[in-house]
Structure formats: C-alpha cells, structure tokens
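# Inside the fold
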Amino acid sequence: GAGVSQSPSNKVTEKGKDVELRCDPISGHTALYWYRQSLGQGLEFLIYFQGNSAPDKSGLPSDRFSAERTGGSVSTLTIQRTQQEDSAVYLCASRDPGGTDTQYFGPGTRLTVL
Amino acid sequence: AQRVTQPEKLLSVFKGAPVELKCNYSYSGSPELFWYVQYSRQRLQLLLRHISRESIKGFTADLNKGETSFHLKKPFAQEEDSAMYYCALRRGRGSTLGRLYFGRGTQLTVWP
C-alpha cells in the first residue's frame with residue numbers, strides 16, 4: 001500500500017514568512033510524529049499525535065511552531081515568521097498500531113529560509 | 001533523561017572488511033533499541049530492532065545492558081551498505097507515547 005507522503009518536497013521561503021507543511025500518514029495509523037533533521041543535529045522530535053490530540057508537544061522549539069491533525073489523518077505543521085535556523089528537513093512518521101509497532105517515515109520536506 | 005550517543009560521525013571501510021557502528025544509550029528503565037538507515041535520496045527506514053534479534057542485510061545488533069550499548073555489526077561490508085545510520089531508543093515496550101530518541105547518526109562509506 002501507499003506509504004507516508006509529505007508535501008511539498010521542497011520549500012524555499014523568505015525570512016519572516018509563514019509556511020505550512022503537510023503529512024498524509026498510512027491509512028489506519030492512529031499515531032503520527034513530526035521530527036526535524038538538521039545538519040549536525042541529527043533527528044529531533046517535535047510533536048506526537050494520537051488521533052487528533054497531541055499529548056506530547058515537548059519538542060516544538062518555540063511558539064512560532066504549531067501543528068494540527070484533522071479526522072485522525074492528515075497533519076499540518078505550521079511555522080510562523082520563519083527564521084534561517086528553521087532551515088531543515090521536516091520528517092513525518094506514522095506508527096503501525098499492530099504487532100510490529102514500527103514507525104514509518106515519509107520522504108520529508110526540505111525547508112530553506114533565505 | 002534518555003540519551004543516545006553515536007560517537008562516530010563518519011566511518012569508512014573497504015568492501016569485505018568488518019564494520020561496527022557504535023551506539024551507547026542512557027535510560028533508567030527498560031528501553032527498546034532500533035537502528036534506522038537512510039540511503040542516498042531515500043527515506044529513513046527501519047533496519048532492525050533489538051527485540052526481534054534478527055539479522056537484516058547481514059547486520060546484527062545485540063543489546064548489552066551492562067555496557068548500555070547497541071552496536072551494529074556486519075562481518076563483510078558491501079558498497080551498497082554506504083548510508084547514514086541512526087541509532088534510536090524508545091522508552092519501554094509498548095510505550096503509549098512511542099516517540100523515538102535518535103543519535104546524531106553515523107555516515108558509513110564502503111570503498112570498493
């Protein structure tokens with residue numbers, strides 16, 4: 001079946017603009033995660049959704065970052081007033097609620113803030 | 001607090017040589033440990049997990065609770081093993097949160 005998809009694949013924006021990143025998880029996966037992959041920083045957790053609720057937002061770096069999930073499916077990560085340090089690859093993952101309990105990752109959105 | 005450390009940012013070996021990618025962790029409970037791999041221009045994917053005790057693509061990893069390590073090993077490296085490897089920890093089996101704590105990754109290059 002289809003894997004996790006993310007859009008856009010690349011986004012270039014100017015400092016100070018707002019951006020929205022989208023994640024479509026695998027159908028039936030109730031858990032969804034956002035991570036950020038930066039050069040030299042590895043993978044950092046941002047936020048976790050179970051259904052439409054976000055019980056763990058502890059990784060969001062500032063109040064400029066927010067995320068929502070609707071219908072237990074699509075999630076949107078919004079970054080307001082982007083800064084150059086926001087430049088990174090943003091990864092989404094959804095988790096198989098079955099026996100393997102594995103997280104499956106999307107291809108990522110590469111965000112460049114000029 | 002939990003932490004995953006991968007001490008080598010870069011690792012190079014020749015084809016056919018053994019390879020070991022190091023991973024150490026700190027966590028007071030019983031963790032689940034994983035290795036994820038990202039080949040060039042591909043998405044991050046699970047390579048193996050300690051509870052499965054399996055060999056994938058010739059790679060194995062054993063959880064050593066005494067040394068708090070989960071090193072990834074392969075006896076004979078192949079060029080197609082060149083990739084970025086991430087060690088990751090999840091707090092406890094069946095943790096309802098399930099977020100992963102990642103190391104910073106090791107870029108493995110296997111020369112012909």
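Residues numbered from 1 in each chain as written. Chains lettered and ligands numbered in written order. Predicted model: local features only at pLDDT ≥ 70, side-chain atom pairs only at ≥ 80, totals over all residues. Heavy atoms only, no water.

## As for the overall build of chain A
Along the backbone of chain A there are zero helices and 11 strands. When the helices and strands of chain A are listed from N to C terminus, the series reads β-β-β-β-β-β-β-β-β-β-β. Taking 114 residues into account, the globule formula puts the C-alpha radius of gyration at 13 Å, and chain A, at 13 Å, falls close to it. For chain A, the spread of C-alpha atoms along the principal axes amounts to about 45 × 25 × 25 Å. Each of the 114 residues in chain A was classed as buried or not, and the buried ones make up 48%. Counting contacts in chain A only where the partners sit at least 6 residues apart, residues at least 24 apart contribute 52% of the total. Across chain A, the centroid of the 11 positively charged side chains sits 4 Å from that of the 12 negatively charged ones. (Helix = DSSP H or I, 4+ residues; strand = E, 2+ residues; numbered from the N terminus. Rg over C-alpha atoms; globule rule 2.2 N^0.38 Å. Buried < 20%, exposed > 50% of the residue type's maximum accessible area, 1.4 Å probe, protein only. Contact = heavy atoms within 4.5 Å. Lys, Arg positive; Asp, Glu negative; His and termini not counted. Charge placed at Lys NZ, Arg CZ, Asp CG, Glu CD.)

## Describing the side chain of Arg99 of chain B
Summarising the element assignment, Arg99 of chain B is placed in the loop between strand 9 (83-91) and strand 10 (101-102). For Arg99 of chain B, which is buried and forms no salt bridge, the nearest opposite charge comes from Asp56 of chain A, at a distance of 4.1 Å. For Arg99 of chain B, the contacting residues outside a window of four places in its chain are Tyr33, Tyr35, Phe45, Asp56, Ser58 and Gln103 of chain A together with Leu89 and Arg90 of chain B. (Salt bridge = Lys/Arg side-chain N within 4 Å of Asp/Glu carboxyl O.)

## Side note on the sheet that holds strand 3 (residues 19-21) of chain B
Ordered in space as 3-8-7 (chain B), the three strands form an open sheet in which the pairing is antiparallel. Strand pairing shows two members of the sheet lacking a second neighbour, strand 3 and strand 7 (60-61) of chain B, which therefore form its edges. (Pairing = 2+ DSSP bridges.)

## A short note on the interface of chain A and chain B
With 22 residues of chain A at the contact, the number on the chain B side is 18 residues. At the boundary of chain A with chain B, the tally comes to zero salt bridges. Linking chain A with chain B are seven residue pairs in polar contact (both at pLDDT 80 or more). Counting only elements with at least two residues in the side of chain A that touches chain B, the list comes to strand 4 (31-38), strand 5 (42-50), strand 6 (53-56) and strand 10 (103-105) of chain A. Considering each element in turn, the side of chain A that touches chain B owes the most residues, four residues, to strand 5 of chain A. Residues belonging to the side of chain A that touches chain B are distributed by class as follows: nine nonpolar, 10 polar and three charged. (Polar contact = N/O pair within 3.5 Å; in protein donor to acceptor, adjacent residues only side chain to side chain. Nonpolar A, V, L, I, M, F, W, Y, C, P; charged D, E, K, R; others polar.)

## A closer look at the sheet that holds strand 8 (residues 75-79) of chain A
Residue and element names in this part refer to chain A. Reading across from one edge, 1-3-8-7 is the order of the four strands in this open sheet, with antiparallel pairing throughout. Bordering the open sheet on either side are strand 1 (5-7) and strand 7 (65-69), each of which pairs with just one other strand. Averaged over neighbouring strand pairs, the angle between their axes works out to 15 degrees when direction is ignored. (Axes fitted to C-alpha atoms, helices over the stretch in contact; angles between N-to-C directions.)

## Observations concerning the pairing of strand 6 of chain A
Residue and element names in this part refer to chain A. Here strand 5 pairs with strand 6 via two bridges, running antiparallel. Paired with Gln50 across the bridge in strand 6 is Ser53. Hairpin connection of strand 5 to strand 6: two residues between the antiparallel strands, including Gly51 at a positive phi of 65 degrees.

## Re the layout of surface pockets
Any empty space left between the atoms is revealed when a probe the size of a water molecule rolls over them. Within this model, the largest pocket holds a volume of roughly 920 Å³. Gln37, Leu39 and Arg110 of chain A together with Gln38 and Tyr86 of chain B are the residues nearest the centre of the largest pocket, which is lined by 35 residues in total. Within the residue set of the lining of the largest pocket, elements represented by two or more residues are strand 4, strand 9 (88-95) and strand 11 (109-113) of chain A together with strand 9 of chain B. Of the residues contributing to the lining of the largest pocket, the split by class is 12 nonpolar, 17 polar and six charged. Its volume calculated, the second largest pocket comes out at about 370 Å³. Contributing elements (two or more residues each) for the lining of the second largest pocket: strand 5 of chain A together with strand 1 (3-5) and strand 10 of chain B. (1 Å grid on protein atoms, 1.4 Å probe; cavity = no way out; pocket = protein on both sides within 12 Å on 5 of 7 lines; lining within 4 Å. Points joined across faces, edges and corners; volume = space filled by probe spheres on them.)

## Description of the pattern of salt bridges
Per the counting criterion, the structure on display carries nine salt bridges over all chains. A salt bridge links Arg22 of chain A to Asp24 of chain A; the nearest nitrogen and oxygen atoms lie 2.8 Å apart. Residue Arg64 of chain A is joined to Asp86 of chain A by a salt bridge in which the shortest nitrogen-to-oxygen separation is 2.8 Å. With Arg64 of chain A in the loop between strand 6 and strand 7 and Asp86 of chain A in the loop between strand 8 and strand 9, this residue pair connects regions lying 22 residues apart in the sequence. Assigned by exposure class, Arg64 of chain A and Asp86 of chain A land together as buried. Each of Glu20, Lys22 and Lys73 of chain B takes part in a single network of salt bridges with overlapping partners.

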